[in-house]
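Read off the chains here:
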Amino acid sequence: MVKKYLLEEVAKIQIGSRMMNDQFFTREGTPFITEETLLKLLVEDNFSQVPRVDYSMNEFTVLQVPAKSILLNKINLKETSIYRCKKAVYIGHGIIAIIPNESIVNSDYLFHFLKWYQENKEKRNIYRLMLELPPIDIQLKIVQLLKAIQHLIMNKDSLVMAVEELPQRFDH
């Protein structure tokens, strides 16, 4: 059975508010995501060049969000960049974090839903976004299917080549 929710009913929405001075950055620590680094992560998905903040920073200085959070750089879905964190990060000014309540909505499912919504729907403020959610077990099956499809698309060239070589293998 599908249930309707506002996004803020199934996820915490937090907005980064602080800019950091270079003096707070370190070689070790938690990645600090700005609008600039978010755009780089979308292209490279590599945290090696992302600035890091010392673990001793307190939560009043910067806002930390957990792994599986979904990061946006704009409040309107139609015009934003969407990234799903694999690890905990600090967020800076201009970054919005959506932290799903995993007992209601799977993070991967929400990420795919937001990407789909961004491409197929009208401009919408995330605070007014209405979700129709199936039960968690169905969400997990949908995510598995979407990941399998993405894997096939990413590997389509090697798969096509393997299929084209099949007749040769039958002859032997």
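Here goes a summary of the coordinates provided.

About the cut-offs
Residues numbered from 1 in each chain as written. Predicted model: local features only at pLDDT ≥ 70, side-chain atom pairs only at ≥ 80, totals over all residues. Heavy atoms only, no water. Helix = DSSP H or I, 4+ residues; strand = E, 2+ residues; numbered from the N terminus. Expected span 1.5 Å × (residues − 1). Buried < 20%, exposed > 50% of the residue type's maximum accessible area, 1.4 Å probe, protein only. Polar contact = N/O pair within 3.5 Å; in protein donor to acceptor, adjacent residues only side chain to side chain. Salt bridge = Lys/Arg side-chain N within 4 Å of Asp/Glu carboxyl O. 1 Å grid on protein atoms, 1.4 Å probe; cavity = no way out; pocket = protein on both sides within 12 Å on 5 of 7 lines; lining within 4 Å. Points joined across faces, edges and corners; volume = space filled by probe spheres on them. Nonpolar A, V, L, I, M, F, W, Y, C, P; charged D, E, K, R; others polar.

Some thoughts on helix α3 (residues 107-120)
With 14 residues, α3 should reach 20 Å at 1.5 Å per residue; the first-to-last C-alpha distance of 20 Å fits that figure. Three or more residues of α3 are buried, namely Ser-107, Asp-108, Tyr-109, Leu-110, Phe-111, His-112, Phe-113, Leu-114, Tyr-117 and Gln-118. The opening residue of α3 is Asn-106, an N-cap whose side-chain oxygen sits 2.9 Å from the backbone nitrogen of Asp-108.

With respect to the side chain of Asn-73
The residue Asn-73 is located in the loop between β7 (70-72) and β8 (82-84) in this model. For Asn-73, a relative accessible area of 10% gives the class buried. Within the structure, Asn-73 has its side chain in polar contact with the side chain of Thr-80 (distance 2.8 Å). Within the structure, Asn-73 has its side chain in polar contact with the backbone nitrogen of Ser-81 (distance 2.8 Å).

Brief notes about the pattern of salt bridges
In the structure shown here, the tally under the stated rule is six salt bridges. A salt bridge links Lys-147 to Asp-108, with the shortest nitrogen-to-oxygen separation between them at 3.1 Å. Here Asp-108 lies in helix α3 and Lys-147 lies in helix α4 (residues 136-154), a separation of 39 residues in the sequence. What makes Asp-108 buried here is its relative accessible area of 15%. Taken together, the shared-partner salt bridges in this structure form one network comprising Arg-84, Asp-108 and Lys-147.

Things to note about the layout of surface pockets
As a volume, the largest pocket reaches approximately 300 Å³. Lining the largest pocket are 13 residues, and of these Asp-45, Arg-84, Lys-86, Phe-111 and Gln-150 lie nearest its centre. Elements that contribute at least two residues to the lining of the largest pocket include exactly α2 (35-44), β8, α3 and α4. Here the lining of the largest pocket gets four residues from one element, more than from any other, and that element is α3. The space that makes up the second largest pocket amounts to roughly 160 Å³. Around the second largest pocket sit Tyr-109, His-112, Phe-113, Lys-115, Trp-116, Glu-132, Ile-142 and Leu-146, which together line it. Those elements giving two or more residues to the lining of the second largest pocket turn out to be α3 and α4. Per-element accounting of the lining of the second largest pocket gives the leading share, five residues, to α3. For the lining of the second largest pocket, a count of residues per class yields five nonpolar, one polar and two charged.

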